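Fold and geometry: a report
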Amino acid sequence: MSDILIVDDERDIRELISDILRDEGFPTRLAANSDAALAALNDEPPGLMILDIWLKDSRMDGIEILKTVKRNNPDVPVVIISGHGNIEIAVAAIKQGAYDFIEKPFNIDQLMVVINRAMETSRLRRENASLRRKEVASTEMLGGSASFRRLREQLEKVARSNARVLLSGAPGAGKELAARYLHANSNRAEAPFITVPCATIEPDRMEEVLFGRETTERGIEPGLLEQAHGGVIYFDEVADMPLGTQPKILRVLTEQQFTRAGGSDRVRVDLRVVSSSNRDLAAEIAAGRFRQELYDRLNVVPVTVPPLSDRREDIPVLARHFIEQFNQSQGLPARELPEETAAALQTMRWPGNIRQLRNVMERVLILAEDFGPIRPSELEPQGATPDNGDALALGPQITALALREARELFEREYLLAQINRFGGNISRTAQFVGMERSALHRKLKSLGVVGGVRVEDEVAAK
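Our subject in this report is the structure included herewith. The shown structure was predicted, so the numbers you read here are calculated from the model rather than taken from an experiment.

Remarks on the overall build of the chain
- Assigned secondary structure in the chain consists of 20 helices and 18 strands.
- Taken across its 462 residues, the chain has 46% of its residues classed as buried.
- Partitioning the intrachain contacts of the chain with sequence separation of at least 6 by distance along the chain shows that 69% fall at a separation of at least 24.
- Split by element, the accessible area of the chain, about 23,300 Å² in all, is 49% carbon and sulfur.

Rendered as structure tokens:
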């Protein structure tokens, strides 16, 4: 349950209201003036504020505090109390966003009715915000391959901690999904998940976007760091963060506070930081484009997100998931993915990884001429290309060979495609192609294939 912040310059009144609320099961915090009230708000927004209009020896009066609260923390209901109540003050308070107005000396029953209603309003707002965040993106991770299982085990180990995580992997491999999985399985799951798309924010706007700004015309405009307070901030492709911004982010990570552009107040934040990059950050540091100190702060737990080429066993599961997803979200036909088409998908090259597979499945469904099973012939024109080990891609090469050489070439390319399809698992490959494992090993050796690669490729790599 969120607490209630009581702001009144009279100690007896503060403590009386606090005792009443505590008897009703509400935790409270107390403040005697505007500075203490704003510090408490900055430390942790309450579920409700009870605010006196007239505050002796205070830099700001109740109406000014109310304006600040509604500007910076619009979801916090404010109940105004005053011993000098009149219609004008009540109307002014309601116009500035107050939830209700109560005149001193107040009736306890009346006070509790207003507070219970206001706290219910606060609870519903938090629940709605939480539901909106959960609707933004799915955190479901699908797969059963060895590399995928290792990834999920790593994420589950680190999720419950507050350790900073640096995700590395190729574009489209699922780094943001891994970050959202960390958030959804952490003790911050009900708090915000805010993405900073470092590659798409203009460098001269980066600091304003991150730290927010204060102007006399528009007041306070919170930045992404402030919006992520209590939750997770995700620096997507952090290598693209401007060099001039990096030391300021380093300071935020160290001090957990910052100043908005154009402002003077220190804003405290409680953040968990997750970052990602498809670049070699060690090379970026050597080239002077990334700060070693920031890398050391972000790279507490390094996690590698494997490319789709290391997860070929998962391709049919992912493809069928995308078909179901597009059927539910866009009304596209829920076409069947037969085994022969799934096998074709597993032998394709996917330089764009999971993102490319998703795009291909969407286009296949959009351009479908019928609602029947998806045919292998529908895949290649959609941007997926056969792997170098795909026997169907030999074309004129095979027609220029004698039968024995053509058969050996076909067998080698076919078996390479199947080994890749099953992620290098020789036992599963042997079972699928209908051979004993020992016989398959002998066949691969005779064809110049060792461990899933051609002998000449292995020699060239040395």
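So, the pattern of salt bridges
- By the definition in use, this model includes 22 salt bridges.
- Salt-bridge contacts for lysine 175 lead to glutamate 237; the nearest nitrogen and oxygen are separated by 3.6 Å. One end of the pair, lysine 175, is in helix α7 (residues 175-184); the other, glutamate 237, is in the loop between β10 (232-236) and α10 (246-255), and 62 residues separate them in sequence.
- The exposure class assigned to lysine 175 is buried, which follows from its relative accessible area of 5%.
- Glutamate 237 gets classed as buried once you look at its relative accessible area, which sits at 11%.
- With a shortest N-O distance of 2.8 Å, glutamate 226 and arginine 260 are connected by a salt bridge. Taken together, the positions of glutamate 226 in helix α9 (residues 224-227) and arginine 260 in the loop between β11 (257-259) and β12 (266-268) put the pair 34 residues apart, joining distant regions of the chain.

Concerning the sheet that holds strand β2 (residues 28-31)
- Strand order in the open sheet formed by five strands is β2-β1-β3-β4-β5, and the pairing between neighbours is parallel. If you trace the sheet from one side to the other, it starts and ends with β2 and β5 (100-103), each paired once. Each neighbouring strand pair of the sheet contributes to a mean axis angle of 20 degrees, computed without reference to strand direction.
- In terms of strand pairing, strand β1 (residues 4-7) meets β2 through four bridges, oriented parallel. Bridge pairing links leucine 5 to arginine 29 in β2.
- The strands touched by helix α3 (residues 62-72) within the sheet are β3 (48-52) and β4 (78-82), with β3 carrying the most contacts at an inclination of about 160 degrees.

Some words on the side chain of glutamate 362
- Counting through the fold element by element, glutamate 362 comes out in helix α15 (residues 353-366).
- With no salt bridge to any partner, buried glutamate 362 finds its closest opposite charge in arginine 358, at an N-O distance of 4.4 Å.
- In terms of polar contacts, glutamate 362 uses its side chain to reach the side chain of glutamine 330, at 3.1 Å.
- Setting aside residues up to four positions removed in sequence, glutamate 362 forms contacts with Phe326, Gln330 and Leu332.

A few points about the packing of helix α13 (residues 315-330) against helix α14 (residues 339-346)
- Viewed as axis vectors pointing N to C, α13 and α14 meet at an angle of 115 degrees, and their least axial separation amounts to 9 Å. The pairing of α13 with α14 is recorded here as roughly perpendicular in orientation. Taken as a pair, α13 and α14 cross one another with a handedness that is right-handed. Between α13 and α14, the contacting residues are Ile315, Pro316, Ala319 and Arg320 on the first element and Glu339, Ala342, Leu345 and Gln346 on the second.
- When its residues are assigned to classes, the contact of α13 with α14 shows five nonpolar, one polar and two charged.

Some points on the packing of helix α6 (residues 146-159) against α7
- As a packed pair, α6 and α7 sit with axes 9 Å apart at the nearest point and diverge in direction by 40 degrees. In terms of orientation, α6 and α7 fall into the oblique class. Note that α6 runs across α7; the crossing there is right-handed. Two secondary-structure elements touch here, α6 through Arg152, Leu155, Glu156, Val158 and Ala159 and α7 through Ala178, Tyr181 and Leu182.

Focus: helix α18 (residues 426-433)
- Among all positions in α18, only Ile426, Thr429 and Ala430 are buried. Take α18 and look down its axis: the buried residues cluster within an arc of 100 degrees, on one side only.

Quick notes on the packing of aromatic side chains
- In this structure the tally under the stated criterion is two aromatic pairs.
- Between the aromatic rings of phenylalanine 211 and phenylalanine 258, the centroid separation amounts to 5.5 Å while the plane-to-plane angle is 50 degrees, which identifies the pairing as tilted. Remark: phenylalanine 258 occurs in strand β11 and phenylalanine 211 occurs in helix α8 (residues 206-211); sequence separation between them is 47 residues.
- The class for phenylalanine 211 is buried, based on a relative accessible area of 7%.
- On the basis of relative accessibility, which here comes to 3%, the residue phenylalanine 258 falls in the buried class.

Considering the pairing of β10
- Across the five residues of β10, four count as buried, placing the element largely inside the fold.
- In this structure, strand β7 (residues 193-197) lies alongside β10, joined through five bridges in parallel fashion. For threonine 195, the partnering residue across the bridge sits in β10 and is tyrosine 234.

What counts as what
Each chain has its residues counted from 1, following the order in which its sequence is written. This being a predicted model, a pLDDT of at least 70 is required before a residue's local features are given, and a value of 80 or more before pairs of side-chain atoms are given or counted; all residues contribute to the totals for chains, interfaces and linings. With hydrogens and water set aside, each side-chain value is computed from the structure's full complement of heavy atoms. Per the convention used, a helix needs a DSSP run of H or I reaching at least four residues, while a strand needs a run of E reaching at least two, with both numbered from the N terminus. Categorising residues by exposure relies on relative accessible area from a 1.4 Å probe, with only protein chains included: less than 20% of the type maximum marks a residue as buried, more than 50% marks it as exposed, and the intermediate range marks it as partly exposed. In what follows, residue pairs with any heavy atoms lying within 4.5 Å of each other are defined as contacts. The accessible surface values rely on the Shrake-Rupley method and a 1.4 Å probe; as for residues, cover is taken only from the protein chains in view. When a carboxyl oxygen of Asp or Glu lies within 4 Å of a side-chain nitrogen of Lys or Arg, that pair is called a salt bridge. Two strands form a pair only when DSSP identifies at least two bridges running between them. Note on geometry: axes are C-alpha line fits, over the in-contact stretch for helices, and angles between N-to-C directions span 0 to 180 degrees. Positive: Lys, Arg. Negative: Asp, Glu. His and the chain ends are not part of the count. Here a polar contact is recorded for every N or O atom pair within 3.5 Å, except that within protein the pair must consist of a potential hydrogen donor and a potential acceptor, and residues adjacent in sequence are included only if both atoms are side-chain atoms. Angles are sorted into four bins: roughly parallel if under 35 degrees, roughly antiparallel if over 145, roughly perpendicular if 65 to 115, and oblique for all others. Left-handed describes a crossing in which the near helix is turned anticlockwise from the far one by less than a right angle; the clockwise case is right-handed. Amino acids are sorted into nonpolar (Ala, Val, Leu, Ile, Met, Phe, Trp, Tyr, Cys and Pro), charged (Asp, Glu, Lys and Arg) and polar (every other residue, Gly among them). The arc in question is the one spanned by the directions pointing from the helix axis to the C-beta atoms. Put simply, two rings from Phe, Tyr or Trp (the six-membered ring, in Trp's case) pair if the centres are within 6.5 Å, and we call them stacked under 30 degrees between planes, edge-to-face over 60, tilted for the rest.

Everything listed here is a matter of geometry and, on its own, says nothing about what the molecule does.
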